[in-house]
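As a plain string of letters, each chain reads:
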Amino acid sequence: MDQKIYQAYVDILREELIPATGCTEPIAVAYAGALAKKALGALPERVELTVSGNIIKNVKSVIVPHTAGRKGLRTAVAAGICCGNADKELEVLSDVTAEALGRMDDFLSTAEFVFGKSTANCPFDIQVRLFAGDDSSYVRMIGHHTNVVRIEKNGEILLDKPFSDEVVQAPGNRTLLTVEQIVAFADEVRLDDVRDILKRQIDCNMKIAETGLRETYGASIGKILLQSYGNSVQNRAKAWAAAGSDARMNGCELPVVINSGSGNQGMTASIPVIIYAKECNVSEDLLYRALVVSNLVTIHLKTGIGSLSAYCGATSAGAGAGAGICYLYGGRYDEIAHTIVNALAINSGMICDGAKSSCAAKIASAVEAGLLGWQMNAHDSQFYGGDGIVVKGVENTICAVSTLAREGMRATDDEIIHLMMENS
């Protein structure tokens, strides 16, 4: 395998598979708030928060972890300001204490908050401006959850990174991703190059799934699946992934290893593969190689869509899980390509209407599509180019779905946000 591509794929996995505590959009708001407070050097009297519609959509209904059940933009930015550790990025709220929460309550009752909607073309935009006496600070994050492009203190520029206002802002190494090369990389990768990040993904994501099944969170989709449809490996793959989302969307404070900026996508891409690997009693090495496939396929499918859109990201991760499970059972490029195309044909178009309890049910649907896509191929069945949005060739289908999600569903996204705000 070309060494440039090999190293790019290792780098992509290390860049994407990182831990986050809580839903990543409110956590990104908290992170921006913590950075702005750090730059200001004092507790502010006034907070101005400007965010894109997709941030509003994904913060509105989800519990911010370590805040005793609180939700919303005010909570997220205030938690970052009063309780956050900016050095921990997406684990910014992992060390919140009861004393800090008390300070946050006082802050919420005394500080002035002003909220605005960003006019940026990019669906991911967070801007925080803080004021304390004659001092002020400003932080901007755009494109994805840790892409801080501007930090100011009293008008002095402390950080200034070039940035784009485009919908998709993936790093250049993502253009090297293809399904064929992903499978080749999974076959050839020296596991010591990726073992630590994959082990962390297994440990973190299975732990929160176990918690979601053991305790009561949200709509309890994971529990309901097991109670209703039994303990088959197919149902467990859906139920455990859904249970992780049950917990994560509803205040569980355990970290998740994310994929493409999303904990739900990180769990969807990994937990079903882990469940099937245990069922098959395969070696740890084969599990790791299958996780390489599922994670990289998910990232590949998301790259052309962008970090946030009207298209539910679980669809991409469910197809990735199907691809990883296909690999576990001996499938390689041809079988995996058909699995992906079949899964995308089944579930593309499922909308994202924000982070909330129903994400768990959408994850179950996405995993089912991935599994059905795999089983279709196993039974010599497939969808063909010209069948709806399916185009001949897996890369062409991925491109078509990306265009549908990125461009075709922009008006859908606007209407979803309008309906959510109208009914809030």
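Refer to the preceding data block for the structure.
Glancing now at helix 4 (residues 72-83). The end-to-end C-alpha separation of helix 4 is 16 Å, in line with the 16 Å expected for 12 residues at 1.5 Å each. Most of helix 4 is tucked away: 11 of the 12 residues are buried. Where helix 4 is concerned, the buried positions are Gly 72, Leu 73, Thr 75, Ala 76, Val 77, Ala 78, Ala 79, Gly 80, Ile 81, Cys 82 and Cys 83. In the core, the buried residues of helix 4 are packed alongside helix 2 (24-40), strand 2 (46-51), helix 3 (53-59), helix 5 (98-110), strand 3 (112-117) and strand 4 (125-132).

Attention shifts here to the side chain of Thr 303. With respect to the element layout, Thr 303 can be found in helix 11 (residues 284-303). For Thr 303, a relative accessible area of 18% translates into the label buried. There is a polar contact of 2.7 Å between the side chain of Thr 303 and the backbone oxygen of Ile 299. Not counting chain neighbours up to four residues away, the residues in contact with Thr 303 comprise Val 168, Ala 170, Arg 174 and Leu 177.

For the pair helix 4 and helix 5, interaxial distance at closest approach is 9 Å and the crossing angle is 125°. In this view, helix 4 runs oblique relative to helix 5, as classed from their interaxial angle. The crossing of helix 4 and helix 5 is right-handed. On helix 5, the residues touching Arg 74, Thr 75, Ala 78, Ala 79, Ile 81, Cys 82 and Cys 83 of helix 4 are Ala 100, Leu 101, Arg 103, Met 104, Phe 107 and Leu 108. Among the residues making up the contact of helix 4 with helix 5, the classes are represented as 10 nonpolar, 1 polar and 2 charged.

Attention shifts here to the nonpolar core. Formed by 84 residues in total, the largest nonpolar core has its most connected members in Tyr 9, Phe 185, Val 194, Leu 296, Ile 336 and Ile 340. At 10 residues, helix 11 tops the list of elements feeding residues into this core. Dropping the residues within four chain positions of it, Ile 340 is found in contact with Val 179, Val 297, Leu 301, Ala 319, Ala 323 and Val 394. Counting 53 residues, the second largest nonpolar core, distinct from the first, contains Leu 35, Ile 56, Val 139 and Ile 258.

This part covers the packing of helix 12 (residues 314-328) against helix 14 (residues 359-378). At their nearest, the axes of helix 12 and helix 14 sit 7 Å apart, and the two run at 40° to each other. Judged by the inter-axis angle, helix 12 sits oblique to helix 14. Judged by the twist between their axes, the crossing of helix 12 over helix 14 is right-handed. Within the contact between the two elements, helix 12 uses Ala 314, Thr 315, Gly 318, Gly 322, Ile 325 and Cys 326 and helix 14 uses Lys 362, Ile 363, Ala 366, Val 367, Gly 370, Leu 371 and Trp 374. Here the contact of helix 12 with helix 14 is built from residues that sort into 8 nonpolar, 4 polar and 1 charged.

Before going further, it helps to examine the pattern of salt bridges. Evaluation of the coordinates by the stated rule reveals 26 salt bridges. Linking Asp 192 and Arg 195 is a salt bridge whose minimum nitrogen-to-oxygen distance equals 3.2 Å. We classify Asp 192 as exposed; its relative accessible area is 63%. The exposure class of Arg 195 is partly exposed, given its relative accessible area of 26%.

Inspection of the secondary structure assignment puts Asp 246 in helix 9 (residues 233-249). It is Lys 223 that comes nearest to the buried, bridge-free Asp 246 among opposite-charge side chains, at 8.2 Å.

Attention now goes to the packing of aromatic side chains. The tally for this structure, following the rule as stated, stands at 7 aromatic pairs. With 5.2 Å between their ring centres and 65° between their planes, Tyr 6 and Phe 185 make a pair best called edge-to-face. Residue Tyr 6 is found in helix 1 (residues 3-16), and its partner Phe 185 is found in helix 6 (residues 179-188); the two are separated by 179 residues along the sequence. Ring-pair connections join several aromatic residues into one group, and the members of that group are Tyr 6, Tyr 9 and Phe 185. Of note, Arg 74 hangs over the ring of Phe 113, and the distance from its end group to the ring centre comes to 4.5 Å. Its end group placed over the ring of Tyr 327, Arg 332 keeps NZ or CZ at 3.7 Å from the ring centre.

Basis of the calculations
- Residues numbered from 1 in each chain as written.
- Predicted model: local features only at pLDDT ≥ 70, side-chain atom pairs only at ≥ 80, totals over all residues.
- Heavy atoms only, no water.
- Helix = DSSP H or I, 4+ residues; strand = E, 2+ residues; numbered from the N terminus.
- Expected span 1.5 Å × (residues − 1).
- Buried < 20%, exposed > 50% of the residue type's maximum accessible area, 1.4 Å probe, protein only.
- Contact = heavy atoms within 4.5 Å.
- Polar contact = N/O pair within 3.5 Å; in protein donor to acceptor, adjacent residues only side chain to side chain.
- Axes fitted to C-alpha atoms, helices over the stretch in contact; angles between N-to-C directions.
- Parallel < 35°, antiparallel > 145°, perpendicular 65-115°, else oblique.
- Left-handed = near helix turned anticlockwise from the far one by under 90°.
- Nonpolar A, V, L, I, M, F, W, Y, C, P; charged D, E, K, R; others polar.
- Core = buried A, V, L, I, M, F, W, Y, C linked by side-chain atoms within 4.5 Å.
- Salt bridge = Lys/Arg side-chain N within 4 Å of Asp/Glu carboxyl O.
- Lys, Arg positive; Asp, Glu negative; His and termini not counted.
- Phe/Tyr/Trp six-rings, centres within 6.5 Å; stacked < 30°, edge-to-face > 60°.
- Lys NZ or Arg CZ within 6 Å of the ring centre and 35° of its normal.

Everything listed here is a matter of coordinates, which is why it stays silent on function.
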